[in-house]
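The lines below spell out each chain.
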Amino acid sequence: MPRRWIAALACLAALVALACDGSGSASPRPSGSAPPGAPAVLTALGDSITSGFGSCLVLVGCERNSWSSGDGLRVRSLYRRLHEDNATLRAHNRAVPGARAAGLADQARAAVRDRADLVTVLIGANDACRSDIDDMTAPATFRRQVDAALAVVRKGRPKARVLVVSLPDLHRLWELGHTEPRAVRAWSRGVCPALLADATSTAPAAVARRARFRERIDAYDAQLRAACRAYGSRCRWDGGAVHRSRFGLDEVNALDWFHPNAAGQDRLADVAWDASGWAGWAGPGDAPR
């Protein structure tokens, strides 16, 4: 072997030695590599909120601003937070604007095809936001549909971690916006009529309708909590944190005055992240529960 090659190998050996401490433990992983056992894929399931609808100045989905899977700079999503320590993590957004719980199983099948290790679920707003209060999905039906979707994930990706988040307090949106003329005008064009139709009315029927809507959202959250508990230890319920979040009108877009803007998506990400237990992720086998 040529002498210069021997010298080069000696230098390489010295560099390797410097990369380890005296006990033989490995050096910090190179930038861009993943920690051992780290999740590879995050998949977001849900409706227009998770699709980032209305957060890019037009009323279409804007996945880069999604609280869950977004990779844009305006929202520090769950994906972006995890990606800081795991540069190989990939994200998919399977949320469908207008989706109800009945369509969640199809999204779950997409998550299985994605080989997701982490799955987020936010569903139910469209089950309540019907054209008539009597058309809202019954809580028992809602539960069966959520269970069916979670069963798809559990069967297809049994080691995946699932985060189920509560529904935002949509009644609070009415409380904040019914005295804002721009919001009332936008809502009058058919935005969540079960809650927001005749937004300024104080007639007993309107008050009773809003109360029924609020109760139905609470019932859905109770079913989501129960479904996650039934799923087992790999499902994390947010404890109602998203529902308790005291958002403001400055966190909804100024087009439909309903969906979160980028600031609202960022707040949603903050609340969901704190509830997820995913900070300090170490891998699928020992992630916080």
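Residues numbered from 1 in each chain as written. Predicted model: local features only at pLDDT ≥ 70, side-chain atom pairs only at ≥ 80, totals over all residues. Heavy atoms only, no water.

1. Some points on helix H9 (residues 204–231)
Now for step 1: The end-to-end C-alpha distance of H9 is 41 Å, a good match for the 40 Å that 28 residues give at a rise of 1.5 Å each.
Now for step 2: Buried within H9 we find Ala-206, Arg-209, Arg-210, Phe-213, Arg-216, Ile-217, Tyr-220, Asp-221, Leu-224, Ala-227, Cys-228 and Tyr-231. (Helix = DSSP H or I, 4+ residues; strand = E, 2+ residues; numbered from the N terminus. Expected span 1.5 Å × (residues − 1). Buried < 20%, exposed > 50% of the residue type's maximum accessible area, 1.4 Å probe, protein only.)

2. Overview of the state of the cysteines
Two cysteines joined by a covalent bond between their sulfur atoms form a disulfide.
Now for step 1: Inspection of every chain in the model, using the stated rule, returns three disulfides.
Now for step 2: Sulfur-sulfur distance for the disulfide between Cys-56 and Cys-62 comes to 1.7 Å.
Now for step 3: Between the sulfur of Cys-129 and that of Cys-192 lies a disulfide, 2.0 Å long from S to S. Its S-S torsion of about -75 degrees marks the bond between Cys-129 and Cys-192 as left-handed, since a negative value means left-handed. Note that Cys-129 is positioned in the loop between helix H4 (125–128) and helix H5 (139–156) and Cys-192 in the loop between helix H7 (181–187) and helix H8 (193–196), a separation of 63 residues in sequence.
Now for step 4: Judged by its relative accessible area of 16%, Cys-129 falls in the buried class.
Now for step 5: Taken in sequence order, the bonded cysteines of the protein link in the pattern 1-2, 3-4, 5-6. (Disulfide = S-S within 2.5 Å.)

3. Some details on the side chain of Asp-169
Now for step 1: When you line up the elements, Asp-169 lands in the loop between strand S4 (161–164) and helix H6 (170–177).
Now for step 2: One polar contact links the side chain of Asp-169 to the main-chain amide nitrogen of His-171, over a distance of 3.3 Å.
Now for step 3: In this view, Asp-169 contacts Arg-214, His-243 and Phe-247; residues no more than four positions away in its chain are not counted. (Polar contact = N/O pair within 3.5 Å; in protein donor to acceptor, adjacent residues only side chain to side chain. Contact = heavy atoms within 4.5 Å.)

4. Focus: the packing of aromatic side chains
Now for step 1: Here the structure, examined in full by the defined rule, presents one aromatic pair.
Now for step 2: Ring geometry for Phe-142 versus Tyr-220: centroids 4.3 Å apart, planes at 20 degrees, classification stacked. Of the two residues, Phe-142 sits in helix H5 while Tyr-220 sits in helix H9, which places them 78 residues apart along the sequence. Tyr-220 carries the same exposure label as Phe-142, and that label is buried.
Now for step 3: Sitting over the ring of Tyr-231, Arg-154 keeps its end group 5.1 Å from the ring centre.
Now for step 4: Across from the ring centre of Phe-247, 5.6 Å away, lies the NZ or CZ of Arg-172, which sits over that ring. (Phe/Tyr/Trp six-rings, centres within 6.5 Å; stacked < 30°, edge-to-face > 60°. Lys NZ or Arg CZ within 6 Å of the ring centre and 35° of its normal.)

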